[in-house]
Amino acid sequence: MILNKIMKELDAQGILITNMINVRYFTGFTGTTGVALILGDKRYFLTDFRYEEQGKKEVVPKGFQLVREDKDPVGKAGELIKESKIKKLAIEDGSVTLSQYRSFEKNFGNLEYTGIEDKFLKARMVKTEEEIKLIKEATKIADKAFENIKSLIKEGISEERLATELEYEMKKLGAEGPSFDTIIASNYRSAMPHGVASEKKLQKEGFVKFDFGCFYKGYVSDMTRTVYLGINPTERHYEIYNTVKEAQKKAIDAVKAGITTRELDKIARDYITEKGYGDCFGHGLGHGIGLEIHEYPYLSYKAEDLVLEENMVVTIEPGIYIEGFGGVRIEDDVVVKKDGCEVLNKTTKEFVKL
Ligand SMILES: [Mn+2]
């Protein structure tokens, strides 16, 4: 099992998992309060009265023993740790706060600590068939919701109202909610890569960029489409749009197990640079998705260069942004395969005029 392997690699005898995303990933627990504690070959899940029943159902099949502790989970973990006589405990160095760490030191006795977060993030990169199924469903919902609100994309409606309609559609289609603050950026605002929907009303003759997604059974989707509202796009609108579209296609065509994240980023970036827009593509090409909207691996010249493996799920989302004019981004979620990839989003990427 992966936890034992990681523990061995770190030369630790115990792992404390407090980040709820990792708790869910390793124990199956979907509630909001609980910690997992691995001590040698023993696996405990500590939670309170509210989650006793749900916790048992979820974590026992994953090999965890539920320990109910209503008052002091850290103190209880301390008792178990002291009994086990372990010497080195791995904790999530990327998410444990200083005050949590101080309370560990106070409650756990004399221990050596080591960080485990990076190994957890890497363990989560390659998805299981079950995880891929859920991400696919989340992607389907996003595609369908976008289709369902298309008739509302008109002059005069506010970005916020449109975002509300989109999120409502996703929920009606079975989503738990949006996977991040819905981005709808119209006209000059489309030049902002992360322009969260504002009270601005849509106006004619400009781009409208939609970047959105949903949670489905804990797993996310993330997609971006840019449409043109109006009837007279300029040459520049077409040029920018087609450059992004072609850059995205080149990157998608290159996705397969074995290529590295930086190689992929470079394919899209080189093309955009060749077309004269290199300075207008300031973010990475994409990122992993799963239980979180941004996960390893990051497809960026700024991030660690990692080799893509089969069944990683990543976004491919190049963009060009020109202040005062507008911007375009096109984003799909793809599953890495041995000799290529499966593109999950089905919404058209042609230049759409509405
Ligand atoms: Mn994204």
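Residues numbered from 1 in each chain as written. Predicted model: local features only at pLDDT ≥ 70, side-chain atom pairs only at ≥ 80, totals over all residues. Heavy atoms only, no water.

Q: What is the right way to look at the pattern of salt bridges in this model?
A: Think of it this way: side chains of opposite charge can pair up when their charged atoms draw near. Counted according to the given criterion, the structure contains 28 salt bridges. For K76, the salt bridge identified is with E79, shortest N-O distance 3.4 Å. In this pair, K76 and E79 both sit in helix α4 (residues 73–84), three residues apart, roughly one turn of the helix. Judged by its relative accessible area of 23%, K76 falls in the partly exposed class. Put simply, K245 and E350 hold a salt bridge, and the shortest N to O gap is 3.3 Å. (Salt bridge = Lys/Arg side-chain N within 4 Å of Asp/Glu carboxyl O. Helix = DSSP H or I, 4+ residues; strand = E, 2+ residues; numbered from the N terminus. Buried < 20%, exposed > 50% of the residue type's maximum accessible area, 1.4 Å probe, protein only.)

Q: Hey, could you run me through the coordination of the manganese ion in this one?
A: Working reference: metal with six octahedral donors, ideal angles 90 or 180 degrees; metal with four tetrahedral donors, ideal angle 109.5 degrees. Only D222 (OD), H287 (NE2), E317 (OE) and E331 (OE) from the protein coordinate the manganese ion, and they sit 2.1 to 2.4 Å from it. All donors to the manganese ion come from one chain, and their sequence spacing reads D-x64-H-x29-E-x13-E. Note that E317 is positioned in the loop between β15 (313–316) and β16 (319–322) and E331 in the loop between β17 (326–329) and β18 (332–336), a separation of 14 residues in sequence. A relative accessible area of 0% places E331 in the buried class. (Donors = N, O, S within 2.8 Å, 3.2 Å for Na, K, Ca; no water.)

Q: Can you walk me through the sheet that holds strand β10 (residues 214–216) in this structure?
A: Across a sheet, strands are paired by hydrogen bonds formed along the backbone, either parallel or antiparallel in direction. Taken together, three strands build an open sheet; the order of strands is β7-β10-β11 and the sheet is antiparallel. Either end of the sheet is taken by a strand with one partner, and the two such strands are β7 (177–178) and β11 (219–220). When β10 meets β11, the two strands line up antiparallel, connected through two bridges. What sits directly across from Y216, in β11, is Y219. (Pairing = 2+ DSSP bridges.)

Q: So what exactly am I meant to see when it comes to helix α2 (residues 20–27) here?
A: The periodicity of an α-helix, 3.6 residues per turn, causes residues three or four places apart in sequence to face the same way. Of all the residues in α2, the buried ones are N22, V23, Y25, F26 and T27. Buried residues in α2, looked at end-on, bunch into an arc of 165 degrees, giving them a common side. Remark: G28 follows α2 within two positions and exhibits a positive phi of approximately 85 degrees. (Arc of directions from axis to C-beta.)

Q: Looking at this model, I keep getting lost on the side chain of T260. Mind explaining?
A: With respect to the element layout, T260 can be found in the loop between α9 (235–254) and α10 (261–274). Assessed through its relative accessible area of 13%, T260 is described here as buried. Contact partners of T260, with chain neighbours within four places excluded, come to D305, L306 and V307. (Contact = heavy atoms within 4.5 Å.)

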